[in-house]
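Residues per chain, in single letters:
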Amino acid sequence: DGGITQSPKYLFRKEGQNVTLSCEQNLNHDAMYWYRQDPGQGLRLIYYSQIVNDFQKGDIAEGYSVSREKKESFPLTVTSAQKNPTAFYLCASSIRGQQANYGYTFGSGTRLTVV
Amino acid sequence: ILNVEQSPQSLHVQEGDSTNFTCSFPSSNFYALHWYRWETAKSPEALFVMTLNGDEKKKGRISATLNTKEGYSYLYIKGSQPEDSATYLCAQVVDSWGKLQFGAGTQVVVTP
């Protein structure tokens, strides 16, 4: 079955450490996205990528970095520069240019906690 | 940043009752509106993608309407069942690339 796999489900990070969250999809989607969820707030866009080797900052990119070396993979690194990294992170993908017809497909998320 | 607002933030419904809730969004430069259902411990699931003013879409007991001129969409659940318990997200497509701006969601709890 096609879908998006995020790993790990739970992640604990010590202050000052970088951590990388994995997102893999086998849907052949061109576009991929990273969102962050905090209590009481809507999903906020961190980074997105429309094609391989290209990505753009979203609304809250500071303290995060991404890469898009393969169509299937869009890992997110939470760096030590991110002041408040404890949150729930969701990865999504879509058919580029067809979001109006098909919507996004989401992974099941990673909960990151700084200890 | 455009503001997508959802109300109410949460609601409790008795099994069998019908309910509805609202998504409001900036009406200028409208591309599309998405509705997602997000059940606890699962991934958000696309319910509807709405593009035209006056659109009405239906999936089982759930339906949605769209008014792009005044900037709102309603989602209706008819004869609520416990399995309808979830957070319902709306999101507006804000550019030609399909970037989404999400509301904070409406949490629906259906009690038997």
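Note that this is a predicted model, so its numbers are computed, not measured.

Q: What exactly am I supposed to notice about the overall build of chain A here?
A: In terms of helices and strands, chain A carries one helix and 11 strands. Over its C-alpha trace chain A gives a radius of gyration of 13 Å, about what one expects of a compact globule, namely 13 Å for 115 residues. Overall, chain A is about 40 × 30 × 25 Å in size when its C-alpha atoms are taken along their principal axes. Expressed as a percentage of the 115 residues in chain A, the buried residues total 48%. Taking contacts inside chain A between residues at least 6 apart in sequence as the whole, the part at least 24 apart equals 54%.

Q: Help me out: how do you make sense of the pattern of salt bridges in this one?
A: Pairing between side chains becomes possible if they bear opposite charge and their charged atoms approach one another. Under the criterion given, the structure shown has seven salt bridges over all chains. Across the pair A:D38 and A:R44 runs a salt bridge whose closest N-O atoms are separated by 2.7 Å. Among the residues examined, A:D38 registers a relative accessible area of 8% and is labelled buried. Between B:E45 and B:K59 there is a salt bridge, and its shortest N-O distance comes to 3.8 Å. With B:E45 in strand β5 (residues 45–50) and B:K59 in strand β6 (residues 56–59), this pair connects stretches of sequence that are 14 residues apart. Residue B:E45 is classed as partly exposed on the basis of its relative accessible area, which comes to 32%. Among the residues examined, B:K59 registers a relative accessible area of 39% and is labelled partly exposed. Each of A:R36, A:D38 and A:R44 takes part in one network of salt bridges that share partners.

Q: Please clarify how the state of the cysteines should be interpreted in this entry.
A: Note: disulfide means a covalent bond formed between the sulfur atoms of two cysteine side chains. Applying the stated rule across the entire model yields two disulfides over all chains. The side chain of A:C23 participates in a disulfide bridge whose partner is A:C91; the two sulfur atoms lie 1.8 Å from each other. On the sign convention where negative is left-handed, the bridge of A:C23 and A:C91, at about -75 degrees about the S-S bond, is left-handed. Of the two residues, A:C23 is situated in strand β3 (residues 19–25) and A:C91 in strand β9 (residues 87–94); the sequence distance between them amounts to 68 residues. The disulfide bridge from B:C23 ends at B:C90, spanning 1.9 Å between sulfur atoms. Across the S-S bond linking B:C23 and B:C90, the dihedral sits near 75 degrees, which makes this disulfide right-handed.

Q: How should the sheet that holds strand β3 (residues 19–24) of chain B be read in this particular structure?
A: Working definition: the strands of a sheet are paired by backbone hydrogen bonds and lie parallel or antiparallel to each other. Residues and elements named next belong to chain B. Pairing within the open sheet is antiparallel, and its five strands lie in the order β1-β3-β8-β7-β6. Pairing within the sheet leaves two strands with one partner each, and these edge strands are β1 (5–7) and β6. When strand polarity is set aside, the average angle formed by the axes of neighbouring strands in this sheet is 15 degrees. Alignment of β3 against strand β8 (residues 72–77), held across six bridges, turns out to be antiparallel. Across the sheet, the residue bridging to C23 is S73, located in β8.

Q: Would you explain the nonpolar core in this entry?
A: In summary, soluble globular proteins display a tendency toward joint burial of nonpolar side chains. Among the nonpolar cores identified, the biggest contains 21 residues, and B:F21, B:C23, B:W35, B:F48, B:L75, B:Y88 and B:V108 are the most heavily contacted of them. Looking at this core, the elements with two or more residues in it are β2 (10–14), β3, β4 (32–38), β5, β7 (62–67), β8, β9 (86–93) and β11 (106–111) of chain B. If near-sequence neighbours (up to four positions away) are discounted, B:L75 is found in contact with B:T19, B:N20, B:F21, B:W35, B:L47, B:F48, B:I62, B:S63, B:A64 and B:Y88. Of all hydrophobic cores here, the second largest spans 20 residues; its members include A:I46, A:Y47, A:V78 and A:Y89.

Q: What am I meant to see in the interface of chain B and chain A here?
A: Note on interface size: it is often stated as the accessible area lost on association of the parts. Listed as interface residues are 20 residues of chain B and, on the opposing side, 23 residues of chain A. In this assembly, chain B packs against chain A so that about 1,700 Å² is buried in total across both faces, 62% of it on carbon and sulfur atoms. Summed over the shared surface of chain B and chain A, the number is zero salt bridges. Where chain B meets chain A, there are four residue pairs in polar contact (both at pLDDT 80 or more). For the side of chain B that touches chain A, the secondary structure elements donating two or more residues are β4, β5 and β10 (100–102) of chain B. When residues in the side of chain B that touches chain A are grouped by element, the largest group, four residues, is from β4(B). Considering only residue class, the side of chain B that touches chain A consists of 12 nonpolar, six polar and two charged.

Calculation rules
Residues numbered from 1 in each chain as written. Chains lettered and ligands numbered in written order. Predicted model: local features only at pLDDT ≥ 70, side-chain atom pairs only at ≥ 80, totals over all residues. Heavy atoms only, no water. Helix = DSSP H or I, 4+ residues; strand = E, 2+ residues; numbered from the N terminus. Rg over C-alpha atoms; globule rule 2.2 N^0.38 Å. Buried < 20%, exposed > 50% of the residue type's maximum accessible area, 1.4 Å probe, protein only. Contact = heavy atoms within 4.5 Å. Salt bridge = Lys/Arg side-chain N within 4 Å of Asp/Glu carboxyl O. Disulfide = S-S within 2.5 Å. Pairing = 2+ DSSP bridges. Axes fitted to C-alpha atoms, helices over the stretch in contact; angles between N-to-C directions. Core = buried A, V, L, I, M, F, W, Y, C linked by side-chain atoms within 4.5 Å. Buried area = accessible area lost by both parts, 1.4 Å probe. Polar contact = N/O pair within 3.5 Å; in protein donor to acceptor, adjacent residues only side chain to side chain. Nonpolar A, V, L, I, M, F, W, Y, C, P; charged D, E, K, R; others polar.

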